[in-house]
Amino acid sequence: MSDGGPQDIISVSSAQADPVSSEKQLRVFLVVADDTTELTTALRYACLRASKTGGRVAILYVIEPADFQHWMSVETLMQSERRNEAERVLQKMAAKVLEWSDHMPCFYICEGKRTEQLLNVLEEDNVSILVLGADPGPKGPGPLVSALSGKLIGKMKVPLTVVPGNLPDEALDELT
Amino acid sequence: MQIYLPIAEMTVDVFVILGLGGLVGFLSGIFGVGGGFILTPLLLFIGIPPPVAVASQANQLVAASVSGVLAHWRRNNVDFKMGAVLIAGGVAGSLFGVWLFGVLQALGQIDLVISLCYVLFLGVIGGLMLVESSRALLRHRSPTLPQRKKNQHMWLHGLPFKMRFKTSKLYISATVPFAIGAVVGILAAIMGVGGGFLMIPAMVYLLGMPTSIVVGTSLFQIIFVTAAVTFLQAIQNQTVDGVLAFLLLLGGVVGAQFGSRIGAKLRGDQLRILLALLVLGVCLKLMLDLITVPDNLYSLEVVTP
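All values reported here derive from a predicted model rather than from experimental measurement. (Residues numbered from 1 in each chain as written. Chains lettered and ligands numbered in written order. Predicted model: local features only at pLDDT ≥ 70, side-chain atom pairs only at ≥ 80, totals over all residues. Heavy atoms only, no water.)

J.: Tell me what's going on with helix 1 (residues 38-53) of chain A, and back it up with residues and numbers.
T.: All names here are of chain A. For helix 1, with 16 residues, the first-to-last C-alpha span of 23 Å sits near the 22 Å given by 1.5 Å per residue. When we look at burial in helix 1, the residues that qualify are Glu38, Leu39, Thr41, Ala42, Leu43, Arg44, Tyr45, Ala46, Cys47, Leu48 and Ala50. Its buried side turned inward, helix 1 meets strand 1 (28-32), strand 2 (56-63), helix 2 (72-101), strand 4 (129-134), strand 5 (160-164) and helix 5 (169-175). Just beyond helix 1, the residue with positive phi is Gly54, at close to 70 degrees. (Helix = DSSP H or I, 4+ residues; strand = E, 2+ residues; numbered from the N terminus. Expected span 1.5 Å × (residues − 1). Buried < 20%, exposed > 50% of the residue type's maximum accessible area, 1.4 Å probe, protein only. Contact = heavy atoms within 4.5 Å.)

J.: Now, about the confidence of the model for chain B: what can you tell me, with residues and values included?
T.: Residue and element names in this part refer to chain B. Per-chain confidence: chain B averages 82 in pLDDT, with 89% of residues scoring 70 or above. Helix 3 (residues 50-74) is the least confidently modelled element of chain B, averaging 80 in pLDDT, while helix 4 (residues 80-107) averages 91, the highest of any element. The model gives residues 141-146 a pLDDT under 50, and that stretch makes 3 contacts with residues more than four places away or in other chains. (pLDDT = per-residue confidence, 0-100.)

J.: Describe the environment of Ile46 of chain B, and please don't skip the residues or the numbers.
T.: Residues and elements named next belong to chain B. Positionally, Ile46 belongs in the loop between helix 2 (36-45) and helix 3. You can call Ile46 partly exposed: its relative accessible area is 32%. Along the chain, Ile46 and Val16 lie 30 residues apart, while their C-alpha atoms are 8.9 Å from each other. Leave out the neighbours within four places in its chain, and Ile46 touches Met10, Val16, Ile17 and Leu20.

J.: Describe helix 5 (residues 110-138) of chain B, with residues and values.
T.: Between its first and last C-alpha atoms helix 5 of chain B spans 42 Å; for 29 residues at 1.5 Å apiece the expected length is 42 Å, and the two agree. Within the sequence span of helix 5 of chain B, burial applies to Ile110, Ile114, Ser115, Tyr118, Val119, Leu122, Ile125, Gly126, Met129, Glu132, Ser133 and Ala136 of chain B.

J.: Just give me the short version of the sheet that holds strand 1 of chain A, but keep the residues and values in it.
T.: Residue and element names in this part refer to chain A. Strand order in the open sheet formed by 5 strands is 3-2-1-4-5, and the pairing between neighbours is parallel. Single-partner strands in this sheet number two, and they are strand 3 (106-111) and strand 5. Averaged over all neighbouring strand pairs, the angle between strand axes comes to 25 degrees, with direction disregarded. Relative to strand 4, strand 1 runs parallel, the two being bridged by 3 bridges. Its bridge partner being in strand 4, Leu30 is matched across the sheet by Leu130. Sitting on the sheet, helix 1 touches strand 1, strand 2, strand 4 and strand 5, and the angle it makes with strand 1 is about 170 degrees. Across the sheet, helix 2 lies against strand 2 and strand 3, angled at about 160 degrees from strand 2, the strand it touches most. (Pairing = 2+ DSSP bridges. Axes fitted to C-alpha atoms, helices over the stretch in contact; angles between N-to-C directions.)

J.: Give me the nonpolar core: which residues, what numbers.
T.: Within the largest apolar cluster, 81 residues are counted, with the highest numbers of intra-cluster contacts made by Ile48 and Leu207 of chain B. The element contributing the most residues to this core is helix 7 (residues 196-207) of chain B, with 8 residues. Setting aside residues no more than four positions away along its own chain, Leu207 of chain B makes contact with Met82, Leu170, Ile172, Val176, Pro177, Ile180 and Ala202 of chain B. In terms of nonpolar packing, the next biggest core, distinct from the first, is built from 29 residues, Ala46, Ala86, Trp100 and Val163 of chain A among them. (Core = buried A, V, L, I, M, F, W, Y, C linked by side-chain atoms within 4.5 Å.)

Have a look at this one:
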């Protein structure tokens, strides 16, 4: 991960400069970072698919906007801590992506509501497939999966792959 | 429609109180604050005796804080262990505060002390917020704000009774959060405010807690401390007016709904300047009331037997 320092992480709509990624036909698998366990499954699926079909993995991290605080110094500190947290999570994920697909992923860091920012990224950048992990538990697949496969399906510009969170690694290897 | 407030021992218009509750709920919805800071002075302005105003509105904060904590709890942003230490300090502080309140009441000085405390706190807080936000406006073009460093080693870390706080990722002396809680408890008892404006920076800069956890944990503490204050005031000083509290709550719930919608549309720095001006305005009015000579130096009332 020599090229993966925090300063290398780039913001919205400026995909990592890489000779291959400028080619239009390259398939980009977008994964949305969160703190669920099914994320790992989705990420693994995306990596394996990407490496077997010559695509790349991109990760979107949406920072929740900070609530209003009386003291500005507290609010700015809150924002910078969230930003650091985002970069820490992306570093960890990047290590996994490198291990599973032999490529560094592209990063998107946005601020705002998750669904809105995700749709923005899908609109503006050439993502080929959105890969989401689904919670196999009784509470339902998770807010993003429910929203995007439900009411917001009309706004989707790319196909959506939903990976059940309880698939074991061997099954993923076979499927991809 | 007139209604008699049994503890405040005065008659007020129901709609004035409902309106006040609504206004304060609206403001606290916009700014995300408990509203104690604004509500007590407003109650004083319409003639509610200061001890009743302070004690009756402490319980307003309970309701607002409960809903806030639930939202943070769902996101795992509450450090319950830290909250427990803060509560222990808060309860100790509010015991002391309520006792002090009773002593001052017996001396006949409580009205003056409450007003003075408010002028002092509102002045300092409003002033600091105004300085902070105007500085930010001046420095708007250069995004590199100098930041105070966190987690520096200070004398605070040498104190005994070290405890591990897992959620906050801290290993610090329990005496510091206890002391912070105690100060907030005293403030809650004497001024009827939740004290988040004081507790949040203290938790961030003195304890070094992650900012994501601070808000939920402080609300968690405020629930218990304001509840304790309400009970203690009711038992010891008999200054909680249930009718007043209920009417304020009713108005507050409605007002907060509208306020939070508007608050979401305003930017943080705009909100901060508005809040600073509001706080300073209330402070000024309180100060004028304290120093101007009243129209009637002596008041006479016809008391019907």
